[in-house]
Amino acid sequence: MIEVSWHQTKHIQQNFTYKIHSSEFMKTREKELATDRLGVLCTEKSAECWGLSQIYTSTLRANGVPCRQVSGYMLRTEAEREGGHHVRGEVYLEGIGWV
């Protein structure tokens, strides 16, 4: 399981970029491609943290790897106060737990 997780992590890092798409863009692309949000993000090869973690966890689940999406806030300095919400994927490893 760890190999599949590591391979998917590397694939996303090497082939996808972080980008926030507008709602209008997403709706337009969903209609053009006749697909859902995940299909658009995979086609565009870009997404925000929520979308990237959805791609990660969806692929791992399809390969039988137990995983989940976790959301929360990042610790930030006073100068970086704006934003801070983050979503990531975690994998469950037997004997270790969620990583």
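Residues numbered from 1 in each chain as written. Predicted model: local features only at pLDDT ≥ 70, side-chain atom pairs only at ≥ 80, totals over all residues. Heavy atoms only, no water.

**Q** Explain the overall build of the protein to me, and be specific about the residues and the numbers.
**A** Check the secondary structure of the protein and you find four helices and five strands. Tracing the protein from N to C terminus, the helices and strands come up as α-β-α-α-β-α-β-β-β. For the protein, the C-alpha atoms occupy an extent of roughly 45 × 40 × 20 Å along the three principal directions. Within the span of the protein, comprising 99 residues, buried residues form 31% of the whole. Counting only contacts in the protein whose residues sit at least 6 apart along the sequence, the fraction spanning at least 24 positions is 47%. When the accessible surface of the protein is totalled, it reaches about 6,800 Å², and 53% of it is carbon and sulfur. The distance from the centre of the 12 positive side-chain charges to the centre of the 12 negative ones in the protein is 1 Å. (Helix = DSSP H or I, 4+ residues; strand = E, 2+ residues; numbered from the N terminus. Buried < 20%, exposed > 50% of the residue type's maximum accessible area, 1.4 Å probe, protein only. Contact = heavy atoms within 4.5 Å. Areas by Shrake-Rupley, 256 points an atom, 1.4 Å probe, with all protein chains shown as cover. Lys, Arg positive; Asp, Glu negative; His and termini not counted. Charge placed at Lys NZ, Arg CZ, Asp CG, Glu CD.)

**Q** Please give an account of the environment of Leu41 that cites residues and values.
**A** With respect to the helices and strands, Leu41 occurs in helix 3 (residues 37–44). Sequence spacing of Leu41 and Gly51 is ten residues, and the spatial spacing of their C-alpha atoms is 7.0 Å. Excluding anything up to four places from it in sequence, Leu41 contacts Phe16, His21, Met26, Ser46, Ala47, Gly51, Gln54 and Ile55.

**Q** Residues and numbers for helix 4 (residues 49–62), please.
**A** Its 14 residues place the ends of helix 4 20 Å apart at the C-alpha level, agreeing with the 20 Å of an ideal helix rising 1.5 Å per residue. Those residues of helix 4 lying buried are Cys49, Gly51, Leu52, Ser53, Gln54, Ile55, Tyr56, Thr57 and Leu60. Each element contacted by the buried residues of helix 4 is listed here: helix 1 (2–15), strand 1 (17–18), helix 3, strand 2 (46–47), strand 3 (67–73) and strand 4 (85–93). (Expected span 1.5 Å × (residues − 1).)

**Q** Outline the packing of aromatic side chains, supporting the account with residue identities and numerical values.
**A** Under the defined criterion, the tally for this structure stands at one aromatic pair. For the pair Tyr92 and Trp98, a centre-to-centre distance of 5.2 Å together with 65° between the ring planes defines the contact as edge-to-face. Of the residues examined, Trp98 reaches a relative accessible area of 35% and is grouped as partly exposed. (Phe/Tyr/Trp six-rings, centres within 6.5 Å; stacked < 30°, edge-to-face > 60°.)

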